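Fold and geometry: a report
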Amino acid sequence: MASLKKLIGLSVFVALALAMLARSGVLAPLFSANYLPHRYCYLAQPGLVWTNVASDALIAISYAVIFICLIWIARKLRDIPDIHGYLWIFLSFGLFIVACGATHLMEVVTVWWPIYPFSAAVKVVCMAASIPTAFLFAKSTPALATSIRNFLKMLQTTEQQRDQALIALNLSESLIAERQRSTDELAAVNDQLNSVLECTSDGVMTLSREWVIQYGNGIALAGLPDFKVGQVYWNCFPTLLGTISEKCARTTMVDRIETSYENYYAPYQKWHRVRVFPTDDGVSLFFSNITEEKKLRDQLELEQMLREKRIEALSHMAGGLAHEISNPLAIIHGRASDLMSQTIGKDQLSAHEVHKACQSIVKTSDRAITILRGLRGFAREASKDPMEFASVYEIAEECMELQQARFAVQNIKVGLALESGIPLFLCRAVQVGQILTNLLNNAFDSIVQSESVDRWITLGADFFSGEIHVDVTDSGPGVADQFKAHLMEPFFTTKELGLGMGVGLSLSRAIAQDHGGSLTLRPETEHTCFRLTLPINGTDTSDEKEQSLIGVPYQPA
Amino acid sequence: MDDEPDLLEIFGCWLDSNSGRLYQAANGEEALALLETTPIDLLVTDIRMPVMDGIALVRRLAELDKPVPSIVFVSGFADIDPREMYSLGVEAFLAKPVSREDLIDVLKKAVAERSALWLDPAAAASRQSLVLHAESLGEIANANSIHLGRGGFSGRTEESLILGKVSFQCKFSSGQPEMSGQGIVRWYSRADQAVGIEFCFLDPPCRSWVLKEIAAASPRSFIPSH
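Model, not experiment: these values are computed from the prediction.

Notes on the overall build of chain B
Scanning chain B for helices and strands turns up six helices and nine strands. Across the 226 residues that make up chain B, the buried fraction comes to 40%. Here the analysis covers contacts within chain B between residues at least 6 apart in sequence; of these, 62% occur between residues at least 24 apart.

This is how it looks when you write it as structure tokens:
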């Protein structure tokens, strides 16, 4: 709008200026009949001269402008492959227009300066430019028309594409918006997840497929100070290589299945329970510190083993006991029923005979009671008993009494070789009894299994520099050299199937160590001899209590 | 035979008044030596004894090619599988302490002629009853037959049984007549689907031929182990 006003303003200004010039008379000579630069033409009329001069000049200027525009367009279009083949049209047309412009310019010049030969030459040039242009143009017109149509079609297609692109763009914009929303939500969920992972009592770590640690929660960072995010897992924990940890992690990584294991990590002295899960780009490890739990579990297992051992020992004795108790009962029953029938019948018993039968009953009942006393304490858990003073004589004799029946059945001679003057000592008597019973059982099994002719077991005890030594020696074939190293290991047994689980010696040794003592196979003895060594002021290592009581000398009855 | 002198004395006293000649031994070896030289009809023995226990003695007797006496275990504890025990020829197991009447009853039954046995049916009906289908009666080699012992039989059954009284009926595809009566399940093995039954009563129609079969075969086992 502004440019239109300017144009109108300019036109009014030019018109007014021309009017003023015309009025002033300055322009008058130009329009007088006398004004003729040369008088060959235009009927000597100034109006015709100026009309021609002005028109020709403006045409020349216009043609020059058109030429410049054509060249400018050609320059702009030369990169378009479809148009490239027709650029010559712009050039030749441009030349033609310039040549035409030049002829019009010559028309103006020749009004005042009659250089007609030059004017004619210009016209020839114009003709020379226009004829090939017309010819080539006419020849190329169909192809040009097709090209233009194609170009237009292309433009149309491009337009459609543009529309589609715009629609797509709109869509993608909404998608981007959507994605942005999702990303925001994801970030929120991620934050939530992170806070959950930080709250959990498990250590969490994620590893890439290249075993690079990508994430570790607070527990992981606190519990395993040797790693940093971004480092290779195996470089941080090299001692795990070749262990079950590596095996499980690799299984999960390769087979994409969950694995779990328990592992002792020596550098931190910790037990971990680890679960490994496959993730999109590697694995994640969840580990919990189970050191305390493991300790409790081991203790529980030891107690369980002790219990099983007791049951095993009990079943060993059950048969013997049933026999040993039922025999006295049979005697008592027989004597009593005889007394019953014979005190009523015809031939009454004499007082002496009644006395003899009753004596037998009392004697036999005492025997049964003694056997039952031997059982006392054996069938119960003793590891929580307080440490009390006990006599090695009593413990040894009690064990022997309990086993006597079994030994007698197998014709095994038993000897007690207890030195006198062994002082009382601090112990859990029931547990020490369990060790001796165990050793006696082993000796018994060894002799029976070997079917040797020489059948004896000796239980000896002596006292030497604050320690009580209890030796159980048997006439069995001895322990083969290759077994000696494994003898005290749990579940190691040389017994026949069904005779033992192989936990007796390992447990016995554990109990002995619990008392601050030891249990060893004596080397270089002719017969198998196990030595139980117990300090008389036995330290209760299970509770790490210090006991400093001195043993009291004790003389057996 | 017992390693307990008091018990030998008591049992000896009980048996002495019930006729017959009585020998005593303190362990299996002594008893074996006695069996070598003296014809013994009935052996009453403890199981757990030093030198040679009751089971070792009975196994040893089974190995020897000699007529085996009727054997009765009197013990506080059975270390032996009943299936093996009855198969070795043991007739009964009495748990200590045992009453004089029970001991005498069992011993009388053990020495009685077979013709005097299994005559009276029990007054009360047995809780469990069993029908056995077998190929024949006798042949030990044939797993599908009923194996006859001195005091009972063993066979195969798919039924589940408990130890105790049973009324039985054995049918044979060989054409032998049916064997039926009352008895006691002495052992039962679910794994082998086998059962050992001691006779208590034989139905009159089958009684005479079953007795004849036993006499003819004179089996060493009381109940074969199958």
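Back to the text.
Describing the overall build of chain A
The number of helices and strands found in chain A is 14 helices and twelve strands. Burial status across chain A gives 24% buried among its 557 residues. Contacts in chain A between residues at least 24 apart in sequence constitute 60% of all its contacts with a sequence separation of at least 6.

A word on the nonpolar core
Judged by nonpolar contacts, the single largest core of 53 residues is most densely connected at Val58, Val72, Val90 and Ile146 of chain B. The element that contributes the greatest number of residues to this core is strand β9 (residues 194–202) of chain B, accounting for five residues.

Some points on the sheet that holds strand β2 (residues 70–75) of chain B
Residues and elements named next belong to chain B. Taking strand neighbours across the sheet as the criterion, the three strands line up as β1-β2-β3 in an open arrangement whose pairing is parallel. Edge strands, defined here as strands with exactly one partner in the open sheet, are β1 (42–45) and β3 (90–95). Pairs of neighbouring strands in the sheet enclose a mean axial angle of 15°, with direction left out of account. Two strands pair when backbone bridges link them, and β2 and β3 are joined in this way by five bridges, in the parallel orientation.

Here we look at helix α12 (residues 429–450) of chain A
All names here are of chain A. For α12, built from 22 residues, the straight-helix expectation of 32 Å at 1.5 Å per residue is met to within 8% by its first-to-last C-alpha distance of 32 Å. Taking burial as the measure, the 22 residues of α12 include 18 buried ones, the bulk of the element. After α12 finishes, the residue Glu451 shows a positive phi value of roughly 50°.

Considerations on unusual backbone geometry
Along the chain, Lys96 of chain B connects to Pro97 of chain B via a cis peptide bond; the corresponding omega equals -10°. Among the secondary structure elements, Pro97 of chain B is positioned in the loop between β3 and α5 (100–111). The phi dihedral of Arg256 of chain A is positive, around 55°, even though this residue is not glycine. Look at Ser218 of chain B: it is not a glycine, yet its phi comes out positive at around 30°. Secondary-structure assignment places Ser218 of chain B in the segment after α6 (204–217).

A word on the packing of helix α4 (residues 87–112) of chain A against helix α5 (residues 116–199) of chain A
Residue and element names in this part refer to chain A. At a closest axis distance of 8 Å, the pairing of α4 and α5 adopts a crossing angle of 155°. Our classification of the angle between α4 and α5 gives roughly antiparallel. Once α4 is placed against α5, the crossing between them reads as left-handed.

Here we look at the packing of helix α11 (residues 392–409) of chain A against α12 of chain A
Residues and elements named next belong to chain A. At a closest axis distance of 9 Å, the pairing of α11 and α12 adopts a crossing angle of 35°. Relative to α12, the crossing made by α11 is right-handed. Across from Ile395, Ala396, Glu398, Cys399, Leu402, Gln403, Arg406 and Phe407 in α11, the residues of α12 making contact are Ala429, Val432, Gly433, Leu436, Thr437, Leu440 and Phe444. Here the residues of the contact of α11 with α12 are counted per class, giving ten nonpolar, three polar and two charged.

Thoughts on the interface of chain A and chain B
Accessible area lost when the parts come together is the quantity often used to give the size of an interface. Taken together, the contact between chain A and chain B spans 19 residues of the former and 17 residues of the latter. For the side of chain A that touches chain B, the elements supplying multiple residues, two or more each, are α9 (291–344), α10 (351–375) and α11 of chain A. In terms of residues, the side of chain A that touches chain B owes the most to one element, α9 of chain A, which gives 14 residues. A class-by-class count of the residues in the side of chain A that touches chain B yields seven nonpolar, ten polar and two charged.

Considering the sheet that holds strand β5 (residues 282–289) of chain A
All names here are of chain A. With antiparallel pairing, five strands are arranged side by side in an open sheet as β2-β1-β5-β4-β3. Looking at which strands have only one partner, the edges of the open sheet turn out to be β2 (213–216) and β3 (259–265). Going across the sheet, the axis of each strand differs from the next one's by a mean of 25°, ignoring polarity. Two strands pair when backbone bridges link them, and strand β1 (residues 203–208) and β2 are joined in this way by three bridges, in the antiparallel orientation.

Some details on helix α8 (residues 244–255) of chain A
Residue and element names in this part refer to chain A. Taking 1.5 Å per residue as the helical rise, α8 with its twelve residues ought to reach 16 Å, and the 16 Å between its terminal C-alpha atoms agrees with that figure. Taken together, the buried residues of α8 touch β3, β4 (270–279) and β5. Looking one or two residues beyond α8, the residue adopting positive phi is Arg256, at roughly 55°.

Describing the environment of Glu398 of chain A
Residue and element names in this part refer to chain A. Take Glu398: it is sitting in helix α11. Residue classification places Glu398 among the buried residues on the basis of 22 C-beta atoms within 10 Å. With 35 residues separating them along the chain, Glu398 and Gly433 place their C-alpha atoms 8.0 Å apart.

With respect to the confidence of the model for chain A
Per-residue confidence for chain A gives a mean pLDDT of 80; residues scoring 70 or more make up 84%. The model gives residues 496–502 of chain A a pLDDT under 50, and that stretch makes 14 contacts with residues more than four places away or in other chains.

Regarding the pairing of β3 of chain A
Successive side chains on a regular strand alternate, one facing one side of the sheet and the next facing the other. Residue and element names in this part refer to chain A. In this structure, β3 lies alongside β4, joined through seven bridges in antiparallel fashion. Considered in β4, the bridge of Tyr265 is made with Lys270. Taking the residues that link successive antiparallel strands as the turn, the β3-β4 hairpin has four residues, and the phi of Gln269 there is positive, at about 55°.

The rules behind the values
Residues numbered from 1 in each chain as written. Chains lettered and ligands numbered in written order. Predicted model: local features only at pLDDT ≥ 70, side-chain atom pairs only at ≥ 80, totals over all residues. Helix = DSSP H or I, 4+ residues; strand = E, 2+ residues; numbered from the N terminus. Buried ≥ 20, exposed ≤ 12 C-beta atoms within 10 Å, placed from the backbone. Contact = placed C-beta atoms within 7 Å. Core = buried A, V, L, I, M, F, W, Y, C linked by C-beta atoms within 7 Å. Pairing = 2+ DSSP bridges. Axes fitted to C-alpha atoms, helices over the stretch in contact; angles between N-to-C directions. Expected span 1.5 Å × (residues − 1). Parallel < 35°, antiparallel > 145°, perpendicular 65-115°, else oblique. Left-handed = near helix turned anticlockwise from the far one by under 90°. Nonpolar A, V, L, I, M, F, W, Y, C, P; charged D, E, K, R; others polar. pLDDT = per-residue confidence, 0-100.

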